[in-house]
Amino acid sequence: MRPEELKELLKATKSGETTVDEALLTLRRLPVEDLGFARLDTHRELRQGLPEAIYAEGKEASEVVAIAERLLERNSSPVLVTRTPELTADALVQKFPDARHHSRSRLVVLGGARIAPSKPRLGLVTVVSGGTSDLAVSEEAAVTAETFGAEVQRITDVGVAGVHRVLAVQEKLQRSDVIIVVAGMEGALASLVGGIAAAPVVAVPTSVGYGASFEGLAALLAMLNSCAAGVVVTNIDNGFGAGVFALRLLMNRAER
């Protein structure tokens, strides 16, 4: 439930359009619904502006479908299913005709039509990826931001091994409201972009790289030690977290 919906419910109760018992039934569903195998945070959209996402990895397909059904009933925004195995994605697409499966990022978007096309976008999020091997993570960030109302531009394959590629897109970087930098190997791209652009930079280390990259640890440490001031860092391969952080920045700005 979003704040606007709660206000409408209170107004309807005050005017008599909704009875007190009907309003109580609606509010009773907040903030937690127990499905037996999962406790859903149905209050999150009201608190934070974004509904609870479903982390599908390790869950049975039937469990993910059941959780998705409830969240779609309780929220007005789209529902995002992350790290979705193929069998689970197939089950969701079969159950929900409007489901959109983004196979590269392993995301499934449910109820995407709930964001009206005519509604102004929150702002411009630029997702910059170091190499094509980073695209699974960068797409997770991009699709997350797009799903909940941000305009997204993608800049791909501009790793620091060819620094001129980043310098060639400086104008696009400067037009951005938030920049997400996704890179593996040594993770230096975040420092380079952070030293060029005025927008907040969210760095996402990926597990891409040879042995001494330690499955993303080298990139993580490099980004945490960035010499560009103000770069913030998510966990390894956490494109979803970066997308949500960018959305919160834009939503907070819009509210103010």
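Thresholds applied
- Residues numbered from 1 in each chain as written.
- Predicted model: local features only at pLDDT ≥ 70, side-chain atom pairs only at ≥ 80, totals over all residues.
- Heavy atoms only, no water.
- Core = buried A, V, L, I, M, F, W, Y, C linked by side-chain atoms within 4.5 Å.
- Buried < 20%, exposed > 50% of the residue type's maximum accessible area, 1.4 Å probe, protein only.
- Helix = DSSP H or I, 4+ residues; strand = E, 2+ residues; numbered from the N terminus.
- Contact = heavy atoms within 4.5 Å.
- Expected span 1.5 Å × (residues − 1).
- Pairing = 2+ DSSP bridges.
- Axes fitted to C-alpha atoms, helices over the stretch in contact; angles between N-to-C directions.
- Patch = residues over 30% accessible without salt bridge, like charges linked within 9 Å, V, L, I, M, F, W, Y side chains within 5 Å.
- Areas by Shrake-Rupley, 256 points an atom, 1.4 Å probe, with all protein chains shown as cover.
- Salt bridge = Lys/Arg side-chain N within 4 Å of Asp/Glu carboxyl O.

(A) Spotlight on the nonpolar core. Grouped together as the largest cluster of nonpolar side chains are 25 residues, with contacts concentrated most on V125, V127 and I180. Of all the elements in the fold, those that place two or more residues in this core are strand 6 (107-110), strand 7 (124-129), helix 6 (135-147), strand 9 (178-183), strand 10 (201-205) and helix 11 (239-255). With six residues, helix 11 is the single largest residue contributor to this core. Not counting residues within four places of it along the chain, the set of residues in contact with V125 comprises A145, A150, E151, V152, Q153, V178, I180, A246 and L250.

(B) Helix 4 (residues 61-74), seen in detail. An ideal rise of 1.5 Å per residue puts 20 Å on 14 residues; helix 4 measures up with 20 Å between its terminal C-alpha atoms. Buried within helix 4 we find V64, V65, I67, A68, L71, L72 and R74.

(C) Up close: the environment of R121. In this fold, R121 is placed in the loop between strand 6 and strand 7. Taking C-alpha positions, R121 is 9.1 Å from E146, a pair spaced 25 residues apart along the chain.

(D) Quick peek at the sheet that holds strand 9. The strand order across the open sheet formed by five strands is 8-7-9-10-11, and the pairing between neighbours is parallel. Looking along the sheet, the strands with just one partner apiece sit at the ends: strand 8 (151-155) and strand 11 (232-233). Of the strand pairs in this sheet, strand 7 and strand 9 are connected by five bridges, and their pairing is parallel. Paired with V127 across the strands is I180, a residue of strand 9. This element, helix 9 (residues 189-196), spans strand 7, strand 9 and strand 10 of the sheet and lies at about 160° to strand 9. On the sheet, helix 10 (residues 217-224) packs against strand 9, strand 10 and strand 11 and is oriented at approximately 160° with respect to strand 10.

(E) Examining unusual backbone geometry more closely. Residues other than glycine seldom take positive phi values, yet R83 does so here, at roughly 50°. In this structure, D157 takes a positive phi of about 60° despite not being glycine. Secondary-structure assignment places D157 in the loop between strand 8 and helix 7 (164-167). Residue D157 is classed as partly exposed on the basis of its relative accessible area of 35%.

(F) A look at the pairing of strand 6. Of the two faces of strand 6, the one carrying L107 and V109 and the one carrying V108 and L110 are both buried. When strand 4 (residues 79-82) meets strand 6, the two strands line up antiparallel, connected through three bridges. Bridged to V81 within strand 6 is V108. If you look at the hairpin formed by strand 5 (residues 100-102) and strand 6, you'll find four residues sitting between the two strands, and R106 has a positive phi there, around 60°.

(G) How the structure looks around a nonpolar patch on the surface. The grouping of F214, L217, L221 and L224 at the surface amounts to a nonpolar patch, some 410 Å² of accessible area in total. You can see L217 is positioned in helix 10.

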